[in-house]
Amino acid sequence: MIQRFSPHNHTEYSNIRLLDATNKLEGLVKRGIEIGLAGLAITDHESLAGSVKICQLQKKYPDFKIAIGNEIYLTDTREKNQKYYHFILIAKDAIGFKQLRELSSIAWMNSYTDRGLERVPTLKSDLKRIVGREPGHLIATTACIGGELSGRTLAMLKARKQGDKATEVDNYNKIVAFVKFLDEVFND
């Protein structure tokens, strides 16, 4: 039997800026074990607050892998009124966890209010700089429908359906540029 690992999970620690999840960390781990998962990653919204508890739970449940991750908001700039694209980073090891902490610290130190919410974007340039120093220690994945890849893909398909060739091509080119950026940063 192939065991599944769940790479995108939120807990009560995602509620720092907005109400997002009611899952308690240990309850989520117990449920994962109950349904037969090999493990899961905790990827709270721009929060590593559960990491101490994750380490404690890993000792308590040694046969169940609990990875530390972060769902960041990946942007090109810190300008207001922009799209804050969701993006998942998961630490493979201690160096990856250090990279997560550094990225999160930079994002929080540069946070600002936009449209009634505190925003904590991670700049693509910061991601490239920090991961580029020691690549290979993070797993990266587009998060959800709020990610740049999925958002631009939907916009491209909508434009195609509407016969808007210019918008279709623009989104296609932005998808290609984003994938090239990820390849350059993560080289994997």
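First, a word on scope: everything that follows refers to the structure included in this document. (Residues numbered from 1 in each chain as written. Predicted model: local features only at pLDDT ≥ 70, side-chain atom pairs only at ≥ 80, totals over all residues. Heavy atoms only, no water.)

## Here's the deal with the overall build of the protein
For clarity, the threshold we go by: Per the convention used, a helix needs a DSSP run of H or I reaching at least four residues, while a strand needs a run of E reaching at least two, with both numbered from the N terminus. Radius of gyration: C-alpha atoms only; globule rule: 2.2 Å multiplied by the number of residues to the exponent 0.38. Any two residues whose heavy atoms approach within 4.5 Å are treated as being in contact. All accessibility values rest on the Shrake-Rupley procedure with a 1.4 Å probe; residue burial counts only the protein chains present in the view. His is not counted, nor are the chain ends, whereas Lys and Arg count as positive and Asp and Glu as negative. Lysine's charge is taken at NZ, arginine's at CZ, aspartate's at CG and glutamate's at CD.
Within the protein, the regular secondary structure consists of six helices and eight strands. Reading the secondary structure of the protein in the N-to-C direction produces β-α-β-α-β-β-α-β-β-β-α-β-α-α. In terms of overall size, the protein behaves like a compact globule, its C-alpha atoms giving a radius of gyration of 17 Å where 188 residues would be expected to give roughly 16 Å. Over its C-alpha atoms, taken along the principal directions, the protein stretches across nearly 55 × 40 × 35 Å. Contacts in the protein between residues far apart in sequence, at least 24 positions, make up 71% of those at least 6 positions apart. Of the accessible surface of the protein, which amounts to about 10,300 Å², a share of 55% is contributed by carbon and sulfur atoms. Charge separation in the protein, taken as the distance between the mean sites of 28 positive and 23 negative side-chain charges, equals 2 Å.

## Concerning empty space enclosed by the protein
The condition is simple: Only protein atoms enter the 1 Å grid, on which a cavity is a set of points fitting a 1.4 Å probe that cannot get out and a pocket is an open set with protein on both sides within 12 Å along at least 5 of 7 lines, lining residues being those with an atom within 4 Å of a point. Grid points are joined across faces, edges and corners, and a volume is the space filled by probe spheres set on the points.
Counting across every chain of the model gives one cavity of 30 Å³ or more. Taken as a whole, the largest cavity spans an internal volume of roughly 30 Å³. As for the largest cavity, its lining consists of Ile42, Asp44, Ser47, Leu48, Gly50, Ser51, Ile54, Ile68 and Gly69. Where the lining of the largest cavity is concerned, the elements lending two or more residues are helix H2 (51-60) and strand S3 (65-75).

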